[in-house]
2 protein chains.
Amino acid sequence: MGKCINHPDRETPYICLKHNIYLCEECLKCQDVDLYCKFRPSCPIYFIAEKGFDAPKEKQAPQEEYLITFEPEGKEISVTRGTNLMEAAHKADVYINASCNGKGACGKCKLIIESGEVESLPTSLLSENEKEKGYVLACQSSVKENIVARIPEETIEKKLKSAGMGDAATKKLAGLVDTIEPIVGKIPLQLNKPTMDDTVSDLDRLKRSLKESGCNISTMSTNIRVMRQLTESVRDDHWKVMTSVLWKKCSSEIVNVTPFHAAKPSLGMAIDLGTTSIVVYIVNMEDGKILSAASGHNGQASCGDDVINRIVCSEKDGVKKLKRLAVATINNLSQRALESIDADYHQVENLVISGNTTMTHLLLGIEAKYIRREPYIPTVSEFPIIKAGEIGLKAAYYGGVFVMPGPASYVGGDIVSGVLYTGFHKLDQTTLFIDIGTNGEIVLGNNEFLITAACSAGPAFEGGGIRCGMRAEEGAIEKITLDPDTFEPHYETVEEYKARGICGSGMIDLLSEMLLKGVISQDGKFAIETDHPRLTIFNEEPAFILAATEDTDTEEDIVFTQSDIRSLILSKAAVYAGFTILLEQVGMDFSSISQMIITGGFGQYLNIEKAITIGMLPDIEREKFNYMGNSSVAGAYMALLSKEYRQEAVTISNTMTYLDFSSNNAFMDAFVRAQFLPHTDEDLFPSVHADNKLR
Amino acid sequence: MGKCINHPDRETPYICLKHNIYLCEECLKCQDVDLYCKFRPSCPIYFIAEKGFDAPKEKQAPQEEYLITFEPEGKEISVTRGTNLMEAAHKADVYINASCNGKGACGKCKLIIESGEVESLPTSLLSENEKEKGYVLACQSSVKENIVARIPEETIEKKLKSAGMGDAATKKLAGLVDTIEPIVGKIPLQLNKPTMDDTVSDLDRLKRSLKESGCNISTMSTNIRVMRQLTESVRDDHWKVMTSVLWKKCSSEIVNVTPFHAAKPSLGMAIDLGTTSIVVYIVNMEDGKILSAASGHNGQASCGDDVINRIVCSEKDGVKKLKRLAVATINNLSQRALESIDADYHQVENLVISGNTTMTHLLLGIEAKYIRREPYIPTVSEFPIIKAGEIGLKAAYYGGVFVMPGPASYVGGDIVSGVLYTGFHKLDQTTLFIDIGTNGEIVLGNNEFLITAACSAGPAFEGGGIRCGMRAEEGAIEKITLDPDTFEPHYETVEEYKARGICGSGMIDLLSEMLLKGVISQDGKFAIETDHPRLTIFNEEPAFILAATEDTDTEEDIVFTQSDIRSLILSKAAVYAGFTILLEQVGMDFSSISQMIITGGFGQYLNIEKAITIGMLPDIEREKFNYMGNSSVAGAYMALLSKEYRQEAVTISNTMTYLDFSSNNAFMDAFVRAQFLPHTDEDLFPSVHADNKLR
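Being a predicted model, the structure only gives us computed values, none of them experimental. (Residues numbered from 1 in each chain as written. Chains lettered and ligands numbered in written order. Predicted model: local features only at pLDDT ≥ 70, side-chain atom pairs only at ≥ 80, totals over all residues.)

A. Local environment of the packing of helix α12 (residues 413-422) of chain A against helix α17 (residues 643-655) of chain A. Residues and elements named next belong to chain A. One can describe the packing of α12 onto α17 by two numbers: an axis separation of 9 Å at closest approach and a directional angle of 115 degrees. The handedness of the crossing between α12 and α17 comes out as right-handed. On α17, the residues that touch Val 416, Val 419 and Leu 420 of α12 are Tyr 645, Glu 648, Ala 649, Ile 652 and Ser 653. By residue class, the composition of the contact of α12 with α17 is six nonpolar, one polar and one charged. (Axes fitted to C-alpha atoms, helices over the stretch in contact; angles between N-to-C directions. Helix = DSSP H or I, 4+ residues; strand = E, 2+ residues; numbered from the N terminus. Left-handed = near helix turned anticlockwise from the far one by under 90°. Contact = placed C-beta atoms within 7 Å. Nonpolar A, V, L, I, M, F, W, Y, C, P; charged D, E, K, R; others polar.)

Pasting the structure below:
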């Protein structure tokens with residue numbers, strides 16, 4: 001506990017572990033945390049409760065138990081009086097959206113109390129309308145009698161728009177790998193039947209055949225499982241077998257031997273393990289064809305939206321919980337993908353996992369706590385080949401798992417995948433690469449150097465910390481134009497659903513339109529009269545009405561508040577400052593860049609022109625921009641099929657120089673200078689200022 | 001089922017799988033099986049029931065359950081009517097001696113029925129006296145009401161005399177290994193504390209230190225367990241750690257990392273995994289000192305005395321059962337040995353197992369069924385390094401287990417151990433080596449060749465198939481002289497207990513004395529009057545009375561029957577024929593031998609002179625005989641400490657040429673010629689015939 005930096009009379013458990021600053025709950029919840037901890041965008045620590053934080057409880061008899069029923073699933077759980085509703089949902093395995101991991105800061109964990117009563121802390125994150133309908137925030141409410149709570153329809157996760165899926169993706173990837181060299185390869189063998197003159201053991205007989213087929217058996221071993229199966233396997237189909245060999249760096253292991261008639265085609269799995277969503281490709285290991293794919297939300301989302309919250313959760317509830325959630329998600333997705341092609345998970349003998357450093361650590365059950373503590377040390381950068389069975393993935397138990405190596409705590413294997421796929425590390429000319437998401441990893445380089453950094457962009461682009469923000473799910477407003485006179489919005493939603501909120505690309509559209517049409521000024525403040533019909537007051541601050549109650553699925557106005565604008569400006573400023581500092585570091589500027597690669601799911605829907613208008617992307621020739629889709633899964637696919645690419649991934653990771661922005665003063669300056677629309681330095685954005693487009 | 005070769009009118013399930021001969025139960029039980037299957041001594045198959053064999057059961061209500069109480073332990077089990085008493089004992093985890101694995105042929109599984117009644121098949125293996133006292137054979141009896149059964153005191157296993165234990169052994173082994181190079185080595189490391197300028201991952205930091213300490217980290221990997229512990233381990237003692245590295249053939253693996261302050265001295269375990277008994281040495285891996293030892297009966301004994309019966313049992317009840325029994329025995333012994341030095345099993349990081357091919361297969365849970373089927377193929381000859389945890393041995397879970405390689409199904413790792421320890425494979429002159437036991441493995445060779453064979457000596461030397469035979473346990477008659485006039489025996493027993501039976505060395509003494517004193521003639525038949533006071537009739541055949549009822553612990557005469565003599569002659573003939581054929585194979589004779597090494601527990605008590613007298617050992621200069629104790633555990637000890645010796649063991653195994661006697665006509669001839677005392681060819685035993693000693 002410490003004293004709030006703004007209210008010295010208040011004791012608070014919330015601390016920024018990096019800057020050692022305490023904030024009281026009210027300050028934290030006002031969503032302007034940045035004003036108090038100005039380093040936040042570059043601070044991977046954020047604010048966390050020193051020792052949890054429970055809603056105050058009344059003294060009560062300890063043993064009173066109440067029944068909570070969660071609708072629409074109807075799951076029931078019995079808990080003691082005073083139990084937090086969010087915790088109860090976790091225990092009952094009911095998924096509740098919880099971007100901030102229960103801090104009461106995001107307002108996403110809404111529940112409608114249909115019967116019974118709960119005790120709730122006051123919150124500004126629910127509208128009067130919502131409160132009237134019985135809405136509460138799960139993390140701010142505790143149980144005091146039997147209740148029935150319904151998860152509101154509008155908060156139930158919808159199908160996520162995923163990048164890099166489908167036939168188009170398959171076509172793009174085809175031809176990337178010439179020679180298929182899997183992690184676990186299959187070798188058919190016809191052994192000689194033993195006789196009294198040839199009595200070598202079954203294993204030696206197998207090795208002799210492997211040698212004849214060209215294998216180096218001097219570095220080859222095997223394991224106890226194989227030895228236990230071997231007797232029957234070699235005899236079952238007249239000494240004809242299919243052998244699976246796991247190729248390691250400088251040795252190999254016979255990992256499976258089956259009678260030839262029982263052998264099935266070998267499959268591979270390329271996995272993009274994102275913080276938000278997970279994508280799985282099922283690949284035919286013979287010809288490299290992508291047979292099916294599936295994607296879905298990372299089940300860890302109930303432990304927070306970003307990696308820091310996930311780590312905090314792993315420290316509180318144990319790494320195993322996070323591991324279990326991620327493994328379950330992957331297993332569900334792969335099952336779906338495998339069922340669609342009538343395949344069996346035992347056929348999956350090769351797996352590549354591409355994810356950021358925190359995600360790979362948590363998936364493997366490796367402690368991640370020092371990732372968020374200075375000097376930010378991951379436990380492992382380059383992973384040994386692991387067997388699928390060792391981490392609980394549904395695949396052949398001996399399936400070889402290659403985990404994409406990651407150079408630093410905040411630049412992980414997903415970025416290495418991206419470089420591998422986009423291939424700019426082999427070019428003479430210099431490329432600027434960005435994977436836009438919560439963390440905004442940037443890589444600058446060519447065939448001589450690679451420099452990388454993470455500019456904590458914050459969760460705004462994925463809808464986090466934005467009043468009506470959401471991911472690019474069904475009903476998200478993704479494209480907006482404003483009528484130049486009335487400022488009336490014309491928008492499109494994902495899958496043309498009734499509007500439910502606004503996603504990242506929609507926000508950038510909106511900010512750009514508001515700037516160009518004069519709704520806001522370059523400092524982001526509203527520039528029109530406060531009584532303008534498109535403006536309203538929300539939580540004591542002005543807000544732009546994007547869609548009125550009657551046009552929305554939520555039966556609430558969809559608004560974009562002054563704070564939302566501020567959050568978005570901070571995020572875009574962090575990205576732009578990141579570009580600036582990486583270039584400065586190697587003595588370059590934007591003119592040195594021959595291409596700018598954008599990857600990541602979010603990038604797909606990004607309007608480049610509008611992103612330049614708000615000063616998020618640099619004002620360079622438009623033809624230099626190149627959106628390359630989900631490069632994380634594409635790189636994983638390449639590594640799945642090719643030994644050369646797996647080695648190249650390790651080389652890329654080792655080549656990358658990581659720059660830490662969190663204690664970088666030049667970054668701080670660049671960040672502050674970029675908190676303007678498009679930028680405090682007009683010369684950097686000539687095309688935006690051309691023709692007096694701004695006012 | 002097939003027709004008995006002697007009684008074509010009888011259908012029988014008992015078949016010799018090698019010779020495809022059926023025998024009925026009566027023929028099998030008459031113990032003269034050899035008369036029917038003359039190849040038996042060289043036939044590793046013996047007779048087995050094609051598909052089990054249960055005592056005929058009456059029709060009965062299926063659900064009747066009866067309570068069996070086994071005394072003196074008081075263990076109880078509830079079984080249905082008709083359950084075989086041996087099976088009931090197995091289920092209740094009550095140990096009953098069962099040399100023949102329940103065929104009703106050995107007569108060892110005696111029980112005294114103290115209350116209740118059982119249904120028993122008639123047997124000649126119990127004396128009238130025993131039957132009066134309520135003795136039954138467990139495997140021939142079935143339950144028909146509640147019973148209390150007592151395991152007779154005299155059949156409860158006594159402490160086994162074990163070779164190669166104690167201070168003498170330690171002294172003999174000391175100095176054999178100059179440079180200790182364990183399988184899993186320990187390396188203490190002081191890592192650099194990470195800073196913002198040195199942010200490599202924990203694992204890379206560890207590897208950097210390992211490299212500085214001289215390790216080749218390019219071929220080094222690790223595993224998921226280590227990665228999961230690593231974060232805490234490196235930080236717990238100020239970045240000072242103890243690292244355990246498993247060295248494999250061409251790679252290595254970091255298998256454990258502990259905070260330095262928590263590190264304990266590393267221990268090793270050398271295990272002699274015998275069919276009959278198991279010996280465990282606990283070794284200090286720093287200086288090679290043997291800290292403690294323990295030995296005991298192999299718990300698999302309840303599944304039969306010899307490897308064939310063990311395999312038959314594994315086919316019937318599953319390999320897992322045999323595996324479990326052996327693992328349990330080793331764990332009990334090692335626990336006892338570790339407790340005596342106040343050590344913890346987690347300290348055991350190195351293990352070497354030396355055993356015959358069947359024993360190692362069964363311990364590892366590897367199918368052994370083709371070991372006993374022509375062309376006698378083991379599943380594995382050279383084993384990869386296994387981790388102790390993978391096979392359930394109580395040791396550090398990552399403890400590296402080296403299993404001594406074995407060149408053939410009937411010459412295993414214990415013999416390779418023996419060669420390694422006795423070292424004759426490095427000498428110019430030629431050595432004849434024998435490990436005497438049930439199987440009698442012989443090796444002939446020098447630094448240019450090694451040729452080996454197994455002459456199935458049969459279980460006689462270990463007391464099997466001998467009316468009053470027993471192992472060298474307390475109360476076993478081990479030394480005998482006969483009064484030249486009265487033939488009255490003067491004998492010594494193991495540990496000077498009251499006589500309970502006769503062990504292998506006692507039998508050889510007895511046979512030699514009977515021959516020299518004229519009790520029997522050279523063909524093994526009794527040569528004295530049938531009414532001589534030392535003779536009696538037992539089961540319709542003459543028998544020599546070694547100890548009368550009043551002098552024995554069993555309150556029964558200890559006799560040596562005509563059949564016993566026959567069994568012993570067959571066993572000794574098999575051994576001598578084995579020597580002969582191996583020598584012939586390389587164009588040598590006994591005069592070419594510069595030393596004759598005898599190893600194995602039994603060899604320790606063998607009177608060389610008397611063994612020559614009966615024609616078991618060749619009549620060569622007595623100073624050429626060299627008893628070298630338990631060479632199996634000694635070789636395991638050497639391999640435990642030295643990488644060079646582990647490699648040498650593999651080389652020895654690969655160098656050995658295996659000769660199969662089972663289809664060797666020359667062996668058959670030599671075997672028949674040796675079935676005389678000492679031999680049909682007098683010239684081979686000049687010293688026995690000198691001075692007209694015989695008659």
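B. Looking closely at the sheet that holds strand β16 (residues 252-259) of chain B. All names here are of chain B. Taken in spatial order, the four strands make up an open sheet running β13-β15-β16-β14, and their pairing is mixed. The sheet is open, and its two borders are formed by β13 (184-190) and β14 (220-222), each paired with just one other strand. Pairs of neighbouring strands in the sheet enclose a mean axial angle of 35 degrees, with direction left out of account. Of the strands in this sheet, β13, β14, β15 (240-247) and β16 touch helix α6 (residues 202-212), which is tilted by about 100 degrees from β13. Set on the sheet, helix α7 (residues 224-236) makes contact with β14, β15 and β16; between it and β16 the angle comes to about 40 degrees. (Pairing = 2+ DSSP bridges.)

C. Spotlight on the pairing of strand β15 (residues 240-247) of chain A. Residues and elements named next belong to chain A. Burial of β15 is extensive: six of the eight residues sit out of reach of the surface. Judged from the seven bridges that link them, strand β13 (residues 184-190) and β15 form a sheet pairing that is antiparallel. Within β15, the position partnered with Gln 190 by the bridge is Lys 240. Examined bridge by bridge, β15 and strand β16 (residues 252-259) share seven bridges and lie antiparallel to one another. Counted as the bridge partner of Trp 247 is Ser 252 from β16. As consecutive antiparallel partners, β15 and β16 are separated by four residues. (Buried ≥ 20, exposed ≤ 12 C-beta atoms within 10 Å, placed from the backbone.)

D. Structural detail: the environment of Ala 174 of chain B. All names here are of chain B. Its place among the elements puts Ala 174 in the loop between α5 (166-173) and β13. Residue classification places Ala 174 among the exposed positions, given that 12 C-beta atoms sit within 10 Å. Put simply, Ala 174 and Lys 289 are 115 residues apart on the chain and 7.3 Å apart in space, counted from C-alpha to C-alpha.

E. Focus on the relation of the copies chain A and chain B. For the pair chain A and chain B, the best superposition has an RMSD of 0.1 Å and corresponds to a rotation of 180 degrees with a translation of 0.1 Å parallel to the axis. A rotation of that kind, with that shift, is consistent with a two-fold axis. When you check the interface residues of chain A against chain B, 100% turn up at the interface there too, and the contact is symmetric in its surfaces. (Least-squares fit on C-alpha atoms with pLDDT ≥ 70 in both.)

F. Summary view of the sheet that holds strand β25 (residues 450-454) of chain B. Residue and element names in this part refer to chain B. Pairing in this open sheet of six strands is mixed, and the strands run β33-β32-β23-β24-β25-β34 from one edge to the other. Every other strand in the sheet has two partners, leaving β33 (625-627) and β34 (657-659) as the edge strands with one partner each. In this sheet, adjacent strand axes meet at a mean angle of 20 degrees when their direction is disregarded. Where strand β23 (residues 430-435) meets strand β32 (residues 593-599), six bridges bridge the pair, whose relative direction is parallel. Residue pairing in the sheet places Thr 430 in a bridge with Ile 593 of β32. The strands touched by helix α12 (residues 413-422) are β23, β24 (441-445), β25 and β32; relative to β23, the strand with the most contacts, the crossing angle is about 135 degrees.

G. How the structure looks around the nonpolar core. Within the largest apolar cluster, 346 residues are counted, with the highest numbers of intra-cluster contacts made by Val 280 of chain A together with Val 280 of chain B. Among the nonpolar cores identified, the runner-up in size contains 24 residues, and Leu 85, Ala 138, Cys 139 and Ile 151 of chain B belong to it. (Core = buried A, V, L, I, M, F, W, Y, C linked by C-beta atoms within 7 Å.)

H. Highlighting unusual backbone geometry. Residues and elements named next belong to chain A. Here the amide bond leading from Glu 71 into Pro 72 is cis, since omega sits at 10 degrees, within 30 degrees of zero. In this structure, Pro 72 sits in the loop between β6 (65-71) and β7 (75-80). Backbone geometry places Glu 496, a non-glycine residue, at a positive phi of 55 degrees. With respect to the helices and strands, Glu 496 occurs in the loop between β27 (489-493) and β28 (501-502). Looking at Glu 496, the number of C-beta atoms within 10 Å reads 8, which means it is exposed. One non-glycine residue, Glu 555, lies in positive phi territory at about 60 degrees.

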